[in-house]
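Structure at a glance
Residues per chain are reported as follows:
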Amino acid sequence: MMAPSSPAPRDLAQSSSLEELYGLLKPMHVGPGWHKPTPSLWDEPRKTFVPAHWNYEQARAALDAAGRLINTELAERRNLILFNPIPGNDYATTRTLLAAYQMILPGERARSHRHSPNALRLVVEAEPGAYTIVDGVKLMMAPGDVLLTPNWSWHGHGNEADAPAYWIDFLDTPLIHALEPMFFEPHPEIYEPVARIAEVSPMRFAWDDSMQRLEAASADSDGAYGLHIELGAPAMATISLHMVRIEAGVVTAPHRTTANAIYAVAKGAGVSMIDGETLQWSRGDVIAAPAWRPHSHRALKDSVLLRVSDEALLRKLDLLRTEVL
Ligand SMILES: [Fe+2]
């Protein structure tokens, strides 16, 4: 049965003007496609998210304060979310990806949990004794390591060293928010027991191994990324990871891509030119290079960037386009 405000088919059919027809359509939650106030198709990707930069030294200082002010009993994670500075956004770093700085104090443990978003972390500072447990496997954290916690894998962190450990988390949570399949579960034992300790694991890309592979890498044909290697193939279903090595003085070829990228500085210092903006970076910093923003990097020192992107996802969807400019 039609709702009282719902127009009868006869009234719709006998509309004497477009205005009258629009008035009748509204309570039906129907919009005339030819009279839409905003377009639904456009020439090329919109530049909704902006190029942005976050400084590690500032984040580290803020985390040190948070270390005094909030403990891991109260916070599931002690982290600082790097939100893209566009109106209405307080979470996503780019359309599909989130980056956050996180710190864990000596002697602390962060509870184990699992969730449908894919996640990974780049270790910035850690003394021997800092670790992540992924599905019962304890993986030690060293600076430059990349540790994966894919969709629905249990993970928790701990620090048995004398110094705080700092890292940068990356998640595809904004994508999961858009698509809706969010699931989260705390570990039934709060802290997941350690079944074994592993030096080598598909969940860990050790810094030394990445450096060895980068030494042997040759520049790709278009030079857009300089010398680079891929971690995993791809690392996770929705996230691609590349380590990019840029020697001092080298400028990478300007390019634009439909992939959203976040760069984290694993080593060195330099400048990124992103769609007319110049962003200075040094070790531990984070740079957002949203989709279709032309960008290139210039290294001031020998540098290594971790490039976290949704390239794997877009390739799978047949939506990846990259142009060297
Ligand atoms: Fe998590």
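Everything here concerns the structure above.
The structure contained in this document is the topic of the report that follows. Think of each chain on its own: its residues are numbered from 1, step by step along the sequence as written. With the structure being a predicted model, the display of local features is reserved for residues of pLDDT at least 70 and the display and counting of side-chain atom pairs for 80 or more, all residues being used for whole-chain, interface and lining totals. As a convention, hydrogens and water are excluded, and side-chain values are obtained from all of the structure's heavy atoms.

Things to note about the coordination of the iron ion
Think of the donor list as every N, O and S atom within 2.8 Å of the metal, or within 3.2 Å for Na, K and Ca; water never makes the list, so a site can look incomplete. Within the protein, His113 (NE2), His115 (NE2) and His155 (NE2) serve as the donor atoms for the iron ion, at 2.1 to 2.2 Å. For the iron ion, the donor residues sit on a single chain with the sequence spacing H-x1-H-x39-H. Pair noted here: His113 is in strand β4 (residues 109–115) and His155 is in strand β9 (residues 155–159), with a separation of 42 residues, a long-range link. Relative accessibility decides the category of a residue: with a 1.4 Å probe and only protein chains considered, values under 20% of the type maximum give buried, values over 50% give exposed, and everything between is partly exposed. Residue His113 is classed as buried on the basis of its relative accessible area, which comes to 5%. In this structure His155 comes out as buried when scored by relative accessible area, which is 2%. In this description a helix means any DSSP run of H or I spanning at least four residues, a strand means any run of E spanning at least two, and both kinds are numbered starting from the N terminus.

Concerning the pairing of β9
β9 sits mainly inside the fold: five of its five residues count as buried. Going residue by residue along β9, you find His155, His157 and Asn159 tucked away on one face and Gly156 and Gly158 tucked away on the opposite face as well. When strand β6 (residues 130–134) meets β9, the two strands line up antiparallel, connected through five bridges. Directly across from Ile133, in β9, lies its bridge partner Gly156. Here, any two strands with at least 2 DSSP bridges between them count as paired.

Points about the side chain of Ser240
Take Ser240: it is sitting in strand β15 (residues 240–246). Taking relative accessible area as the criterion, Ser240 reaches 0% and is therefore assigned buried.

With respect to the sheet that holds β4
Read across the open sheet, the six strands follow the order β11-β4-β9-β6-β7-β12; overall the sheet is mixed. Here the strands that pair on one side only, and so sit at the sheet edges, are β11 (184–186) and β12 (196–198). Taken over all neighbouring pairs, the strand axes of this sheet differ in orientation by 25° on average, direction set aside. Here four bridges tie β6 to strand β7 (residues 137–140), and the two strands are oriented antiparallel to one another. By the bridge assignment for β7, Tyr131 is matched with Met140. Fitted lines through C-alpha atoms serve as axes, helices being fitted only where they are in contact, and the angles separating the N-to-C directions of these axes extend from 0 to 180 degrees.

Topic: the pattern of salt bridges
Here a salt bridge means any side-chain nitrogen of Lys or Arg lying within 4 Å of a carboxyl oxygen belonging to Asp or Glu. One pass over the structure, following the stated rule, counts 13 salt bridges. Between Asp275 and Lys47 there is a salt bridge, with the nearest N and O atoms lying 3.1 Å from each other. Note that Asp275 is positioned in the loop between β18 (269–274) and β19 (277–282) and Lys47 in the loop between α2 (18–25) and β1 (52–54), a separation of 228 residues in sequence. The class of Asp275 is partly exposed, set by a relative accessible area of 27%. Note that Glu108 and Arg78 form a salt bridge whose closest N and O atoms lie 2.7 Å from each other. Pair noted here: Glu108 is in the loop between β3 (98–104) and β4 and Arg78 is in the loop between α3 (56–69) and β2 (79–81), with a separation of 30 residues, a long-range link. Relative accessible area serves as the criterion here: at 12%, Glu108 is assigned to the buried category. Among the charged side chains, a salt-bridge network with shared partners connects Lys47, Asp275 and Arg293.

Overview of the nonpolar core
Considering soluble globular proteins, one finds that nonpolar side chains tend to be buried as a cluster. In these notes, a set of buried Ala, Val, Leu, Ile, Met, Phe, Trp, Tyr and Cys residues joined through side-chain atoms within 4.5 Å is what counts as a nonpolar core. Counting residues in each nonpolar core, the largest one holds 38 residues, and the members touching the most others are Tyr101, Leu120, Val146, Phe170, Leu241, Met243 and Leu306. Leave out the neighbours within four places in its chain, and Leu306 touches Leu120, Leu122, Val146, Phe170, Leu231, Leu241, His242, Met243, Ile262, Tyr263 and Ala264. Core analysis: the next-biggest nonpolar cluster, separate from the first, contains 14 residues, Ile246, Tyr263, Trp281 and Ala299 among them. Only heavy atoms enter the contact rule, under which two residues are in contact if any of them lie within 4.5 Å.

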